[in-house]
Amino acid sequence: MQNTFKKHINIPTGLLAVCCLSSSLLSFDSRADSIHEALADGKAMVDFRLRYEGVEQDNAARDADAMTFRTRVGYKSGSYEGFSFVVELEDNRIALGQGDYTVGPAGYNPGIYSVIADPEFTELDQGFIQYKKDDVTVKVGRQVITLDGHRFIGHVGWRQDRQTFDAATVTFKPSKELSMHYSYINQRNRIFGEFADLDSKDHLMNVSYKTEMGKLTGYAYLLEVDNGVTNGLDTYGASFQGSVKLEDSAISYHAEYATQTSETSTTDFSASYLFLQLGTTISGITAKVGYESLGSDEGDFGFSTPLATLHKFNGWSDQFLGTPSQGLIDTSFSVAGKALGGKWLAVYHSFNADDASSTVDDLGSEINLQYTTSFAKKYAFGIKYAAYSGESGRVDADKVWVWLSTKF
């Protein structure tokens, strides 16, 4: 009787084991197939840019010439249960022997030529895992972060080595109108290869809401270099920008205000930021007038935006990558349009100190000119020029760029 019972109990137990094993294998096969499909659905990317840059300055440094060739290759996977990943590698090389320039942080020709911030390097540009479900997106790893036109947080994509961050980012978009962003950064991967990266403890918070008249944004950027020394740089601000279409034209507007405190073990400074811009488009021509004030704390500290795409602002000759301690007021006028199958842009800047003194007041002026076009659908060509006329002890500078790029 006991043997009969054992025989009857063993048969279904064996079947159950086989069924469980089969189910597990089928489930594994299903997951494996899904992962395989996610990888197969991924997309490879290649981006090339060949660029010449020339710099002439009225100082002791020799004129600089750089011909550099930047390559970026990457892969973006498809999604598996909300998960995906991105990997990108970046490399920059001197081309045709044109390497007469200085990159101080990289130790390349220090103190000899004018600076062109494009060292030779090979590095991981991006490498992150992403999870996306419904209205939430999470990214962890090395990534590009840009917010609000790059004025405070940008990728400095103009340089051959763009700026990225080792960070964890969460974005939440519960509706078409509302968007929330938070990033924690523990390393700033700057534009000098790996020669000047910085460990950090940065918190980026940004909330925006779209209305019929434009987008309202509030932000808090709490920055700190992680070097064991007190060096907090906290910025709080708000902006509103939008446009209105009229019968034969359009009007755009942008207003922004921020406050900033800088704290070290021995100093405590504060300054404010103000930006006002008004533009109009008539018959394909866009004209804008802007006023930007990076304030000063009694001539001892200037409002700073260390994570911005600085080349985009305050003149392309890069004379004000660091705000003077007297602050900076930039009054600008720009005109843009289309011609010969491409786009042209002309900008004039007038610079002054926010907190003027007997020796620092007029900070010069600058003219920027640019023309860009595309051809054969996948190629882009551009040429641009910057001429800075210095005042208050600042030297004149002329820069020219010519580039050709493609990506696929």
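Every value quoted in this text rests on a predicted model; they were computed, and no experiment measured them. (Residues numbered from 1 in each chain as written. Predicted model: local features only at pLDDT ≥ 70, side-chain atom pairs only at ≥ 80, totals over all residues. Heavy atoms only, no water.)

Draft legend 1. Seen up close, the overall build of the protein. In terms of regular secondary structure, the protein is built from one helix and 18 strands. Over its C-alpha atoms, taken along the principal directions, the protein stretches across nearly 110 × 60 × 45 Å. Taken across its 408 residues, the protein has 40% of its residues classed as buried. The contacts of the protein with a sequence gap of at least 6 include a subset with a gap of at least 24, amounting to 55%. Accessible area for the protein stands at about 21,600 Å²; split by element, carbon and sulfur atoms hold 58% of it. Taken as two groups, the 36 positive and 52 negative side-chain charges of the protein have centres that lie 12 Å from each other. (Helix = DSSP H or I, 4+ residues; strand = E, 2+ residues; numbered from the N terminus. Buried < 20%, exposed > 50% of the residue type's maximum accessible area, 1.4 Å probe, protein only. Contact = heavy atoms within 4.5 Å. Areas by Shrake-Rupley, 256 points an atom, 1.4 Å probe, with all protein chains shown as cover. Lys, Arg positive; Asp, Glu negative; His and termini not counted. Charge placed at Lys NZ, Arg CZ, Asp CG, Glu CD.)

Draft legend 2. Main features of the packing of aromatic side chains. Within this structure, the stated rule accounts for 19 aromatic pairs. Ring geometry for phenylalanine 48 against phenylalanine 69: centres 5.7 Å apart, planes inclined by 15°, an arrangement best described as stacked. With phenylalanine 48 in strand β1 (residues 43–57) and phenylalanine 69 in strand β2 (residues 64–76), this residue pair connects regions lying 21 residues apart in the sequence. With a relative accessible area of 26%, phenylalanine 48 lands in the partly exposed category. Ring plane angle 10° and centroid distance 5.0 Å describe the contact between tyrosine 219 and tyrosine 221, whose orientation is recorded as stacked. Here tyrosine 219 falls in the buried class, since its relative accessible area comes to 5%. Among the aromatic residues, those joined into a ring-pair cluster are Phe152, Tyr219, Tyr221, Tyr273 and Phe303. Here the guanidinium or amino end of arginine 62 rests over the ring plane of tyrosine 113, the centre of that ring lying 5.7 Å away. (Phe/Tyr/Trp six-rings, centres within 6.5 Å; stacked < 30°, edge-to-face > 60°. Lys NZ or Arg CZ within 6 Å of the ring centre and 35° of its normal.)

Draft legend 3. Structural view of the confidence of the model for the protein. Confidence along the protein averages 93 in pLDDT terms, with 92% of residues attaining 70 or more. Throughout residues 1–11 the model reports pLDDT below 50, and contacts reaching past four residues in sequence, or to other chains, amount to zero contacts. (pLDDT = per-residue confidence, 0-100.)

Draft legend 4. How the structure looks around the environment of arginine 190. Checked against the element boundaries, arginine 190 lands in the loop between β7 (178–189) and β8 (198–210). Distance in space between the C-alpha atoms of arginine 190 and histidine 155 is 8.9 Å, their sequence separation being 35 residues. For arginine 190, the contacting residues outside a window of four places in its chain are Asp161, Arg162, Gln163, Ala196, Asp197 and Leu198.

Draft legend 5. Examining the pattern of salt bridges more closely. Considering all chains together, one arrives at 14 salt bridges under this definition. Across the salt bridge formed by aspartate 47 and arginine 72, the nearest N and O atoms sit 3.9 Å from each other. Residue aspartate 47 is located in strand β1, and its partner arginine 72 is located in strand β2; the two are separated by 25 residues in the primary sequence. For arginine 72, a relative accessible area of 7% corresponds to the buried category. Of the charged contacts in the structure, one is a salt bridge between arginine 72 and glutamate 90, with a shortest N-O distance of 2.7 Å. With arginine 72 in strand β2 and glutamate 90 in strand β3 (residues 83–100), this pair connects stretches of sequence that are 18 residues apart. (Salt bridge = Lys/Arg side-chain N within 4 Å of Asp/Glu carboxyl O.)

Draft legend 6. Spotlight on the pairing of strand β17 (residues 379–389). Where strand β16 (residues 362–375) lies against β17, 11 bridges are found, and the strand directions are antiparallel. By the bridge assignment, serine 365 is partnered in β17 with serine 389. Between the antiparallel neighbours β16 and β17 lie three residues, among them alanine 376 with a positive phi of about 50°. (Pairing = 2+ DSSP bridges.)

Draft legend 7. Broad picture of a negative patch on the surface. On the surface, Glu56, Asp58, Asp63, Asp361, Asp362, Glu391 and Asp396 cluster together to form a negatively charged patch. As for its placement among the helices and strands, aspartate 361 is situated in the loop between β15 (342–352) and β16. For aspartate 361, a relative accessible area of 40% translates into the label partly exposed. (Patch = residues over 30% accessible without salt bridge, like charges linked within 9 Å, V, L, I, M, F, W, Y side chains within 5 Å.)

Draft legend 8. Seen up close, a positive patch on the surface. Where like charges cluster on the molecular surface, the positive patch consists of Lys43, Lys76, Lys132, Lys173 and Lys210. Mapped onto the elements of the fold, lysine 173 is located in the loop between β6 (164–172) and β7.

Draft legend 9. Geometry of the nonpolar core. Counting 28 residues, the largest nonpolar core has Ile145, Phe152, Ile153 and Tyr221 as the members making the most contacts within it. Of all the secondary-structure elements, those providing two or more residues to this core are β6, β9 (215–223) and β12 (268–282). Setting aside residues no more than four positions away along its own chain, isoleucine 145 makes contact with Ile153, Gly154, His155, Phe165, Ala167, Thr169, His181, Ser183, Ile185 and Leu204. In this structure, Val55, Tyr113, Val156 and Ala196 belong to the second largest nonpolar core, which totals 12 residues. (Core = buried A, V, L, I, M, F, W, Y, C linked by side-chain atoms within 4.5 Å.)

Draft legend 10. Quick peek at a nonpolar patch on the surface. A cluster of nonpolar residues, Leu246, Ile251, Leu278, Val289, Phe333, Tyr348, Ile367, Leu369 and Tyr385, forms a patch on the protein surface that exposes about 770 Å² of accessible area. Relative to the assigned elements, leucine 246 resides in the loop between β10 (231–245) and β11 (249–264). Residue classification places leucine 246 among the partly exposed positions, given a relative accessible area of 46%.

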